[in-house]
Amino acid sequence: MNHNPILIIDDEPDIRELLELTLSRMGYHTMSAATLAEAHQLLAKTQFSLCLTDMKLPDGSGLDLIKQLQQRPDELPIAVITAYGSIDLATESLKAGAFDFISKPIDLERLRALVKNAVSLEGQNDAPELGGATQLIGEADSIATLRRQIHKLSRSQAPVYISGESGSGKEVVARLIHASGPRCDAPFVPVNCGAIPSELMESEFFGHTKGSFTGATSDKAGLFEAASGGTLFLDEIADLPLSMQVKLLRAIQNKSVRPIGSNKEIPVDIRLLSATHKNLTDQVAAGHFRTDLFYRINVIEVAVPSLRQRREDIPLLAKAILERLCGEWGIATPQLNTDALAALENYAFPGNVRELENILERAVTLCDEDAINIDDLQLPNPAATEKSGAGVSAEDAFGDLEGYLSGIERDAIEAALSRTKGNKTEAAALLGLSFRQFRYRAKKILGE
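Residues numbered from 1 in each chain as written. Predicted model: local features only at pLDDT ≥ 70, side-chain atom pairs only at ≥ 80, totals over all residues. Heavy atoms only, no water.

1. Thoughts on the side chain of R271
Right, so step 1: In this structure, R271 sits in strand 15 (residues 271–276).
Right, so step 2: Although buried, R271 forms no salt bridge, and the nearest oppositely charged side chain, D100, lies 8.0 Å from it.
Right, so step 3: Here the side chain of R271 touches S156 through a polar contact of 2.7 Å, landing on its backbone oxygen.
Right, so step 4: From its side chain, R271 meets the backbone oxygen of A158 in a polar contact 2.8 Å long.
Right, so step 5: Residue contacts for R271: discarding those within four places in its chain leaves L153, S154, S156, Q157, A158, V160, I177, R183, G230, T231 and L232. (Helix = DSSP H or I, 4+ residues; strand = E, 2+ residues; numbered from the N terminus. Buried < 20%, exposed > 50% of the residue type's maximum accessible area, 1.4 Å probe, protein only. Lys, Arg positive; Asp, Glu negative; His and termini not counted. Salt bridge = Lys/Arg side-chain N within 4 Å of Asp/Glu carboxyl O. Polar contact = N/O pair within 3.5 Å; in protein donor to acceptor, adjacent residues only side chain to side chain. Contact = heavy atoms within 4.5 Å.)

Set out below in structure tokens:
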């Protein structure tokens, strides 16, 4: 593919010469400007594939140029060159819409990777149609807005924090941002931070060398290395202990990791996406999450709506889920009858789309012939729920919090087992637990 030239804006002749030489050796044609005025003249008459600009220029700021270029219909990517340590300016540029940033002194290997990623966006002005299991299904206004955000964010390398309730589809959003962007052919590495034992976290994230600790029988690459060139998605990032948050911040800032037992830093090139169902601002205020890490991962926030906030999408989602399940199982797809669909539309779905999937999976196994009726759904009874909660007060926990919480957990487990007629696998799914988690809790609470 023949690319349009790359525009370089910097008032230092040595920097311009370095950039021009590096990019010409990569096979790109360049044009240069020493001021914003010169840059605007070139932008008015030439189509570019990328703009590289210094942040501080004689007649203005690179930040002003970013904001102006955001108004162009061609979505020209712009990367900024910042002074060493100017993290605040770099973050501000990303929030304003910059594709990425690079600090002085310029790391040529990182520059080449940045240019390659940015130029690959040329001509991709329309959001791609993505097939497979990773789809954002729905026609609600909130979903249309989310699709536009995904398209815009896929054309950037800014860290994105994805907020939303459990089961609402945060990982789907992360996968779509990755799949729509220049790193789509590189790895997407999802990590559930809450599922890694604290004593193994550093090894899992950064790797280790042979013999660095008992059981380290060979060198092992960490998750950062596995994701290098692609995207690292840190799900439930609020579950990271503070000691690990410090090390994560250092890896993000330095764009490198040091495996346990090694004296050598390994450079890594990742796009960082993170998520949690917790309120991260509250976690910071409570001292459970570092403020500096919060500002590094939360350059741009994307909120995923709960299923309650887009009830009009339930018929579409249910249809898609049933077709996928039955396609995987090789059986005919049953239809939801009118009462069953109405019941789903009126249900609160505390577990969001994941809960809808669990309900429909169970209904497919229970239904007769080609129709799912309201009984097959086995939805919780609101009246029974209200009755079971009558008279329960937080003050009941005074003097015996452990006993109070154990009682709530026992009631939930017994209700799930009753609903699923003793099927522990289905009870685990109903509670949003893995079978192993459910078995552990049931044994602890019920002695089973």
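2. What to know about the pattern of salt bridges
Right, so step 1: A full pass over the atoms with the stated rule returns 18 salt bridges.
Right, so step 2: One salt bridge connects R72 with D74, and the closest N-O pair in it is separated by 2.8 Å.
Right, so step 3: A relative accessible area of 18% places D74 in the buried class.
Right, so step 4: Two residues, R324 and E357, come together in a salt bridge whose shortest N-O distance is 3.4 Å. In this pair, R324 sits in helix 13 (residues 314–329) while E357 sits in helix 15 (residues 352–366), placing the two residues 33 residues apart along the sequence.
Right, so step 5: Judged by its relative accessible area of 28%, E357 falls in the partly exposed class.
Right, so step 6: The network of salt bridges with shared partners includes E12, D54 and K104.

3. Some details on helix 1 (residues 13–25)
Right, so step 1: Given a rise of 1.5 Å per residue, 13 residues ought to cover 18 Å, and the 18 Å separating the end C-alpha atoms of helix 1 matches this to within 8%.
Right, so step 2: Of the residues making up helix 1, those classed as buried are I15, R16, L19, T22 and L23. Viewed along the axis of helix 1, the buried residues span an arc of 140 degrees, placing them on a single side of the element. Exposed residues pointing more than 90 degrees away from the buried face of helix 1 are listed as P13, D14, E17 and R25. (Expected span 1.5 Å × (residues − 1). Arc of directions from axis to C-beta.)

4. Looking at the sheet that holds strand 3 (residues 50–54)
Right, so step 1: Ordered in space as 2-1-3-6-7, the five strands form an open sheet in which the pairing is parallel. Strands with a single pairing partner mark the edges of an open sheet, and in this sheet they are strand 2 (30–33) and strand 7 (100–103). Within this sheet the neighbouring strands show an average axis-to-axis angle of 20 degrees, counted without direction.
Right, so step 2: Pairing analysis gives four bridges linking strand 1 (residues 6–9) to strand 2, with the strands arranged parallel. The residue of strand 2 that forms the bridge with I6 is T30. (Pairing = 2+ DSSP bridges. Axes fitted to C-alpha atoms, helices over the stretch in contact; angles between N-to-C directions.)

5. Looking at the packing of aromatic side chains
Right, so step 1: All told, the structure shown has six aromatic pairs when counted by the stated rule.
Right, so step 2: Taking 6.1 Å as the distance between ring centres and 25 degrees as the angle between the ring planes, the aromatic pair formed by F188 and F233 counts as stacked. Here F233 lies in strand 12 (residues 231–235) and F188 lies in strand 9 (residues 188–192), a separation of 45 residues in the sequence.
Right, so step 3: Among the residues examined, F233 registers a relative accessible area of 0% and is labelled buried.
Right, so step 4: Aromatic side chains F205 and F224 sit 6.3 Å apart centroid to centroid with 50 degrees between the ring planes, which places their arrangement in the tilted category. Remark: F224 occurs in helix 9 (residues 223–227) and F205 occurs in helix 8 (residues 201–206); sequence separation between them is 19 residues.
Right, so step 5: On the basis of relative accessible area, F205 is assigned to the buried category, the value being 1%.
Right, so step 6: F224 sits in the buried class, given a relative accessible area of 1%. (Phe/Tyr/Trp six-rings, centres within 6.5 Å; stacked < 30°, edge-to-face > 60°.)

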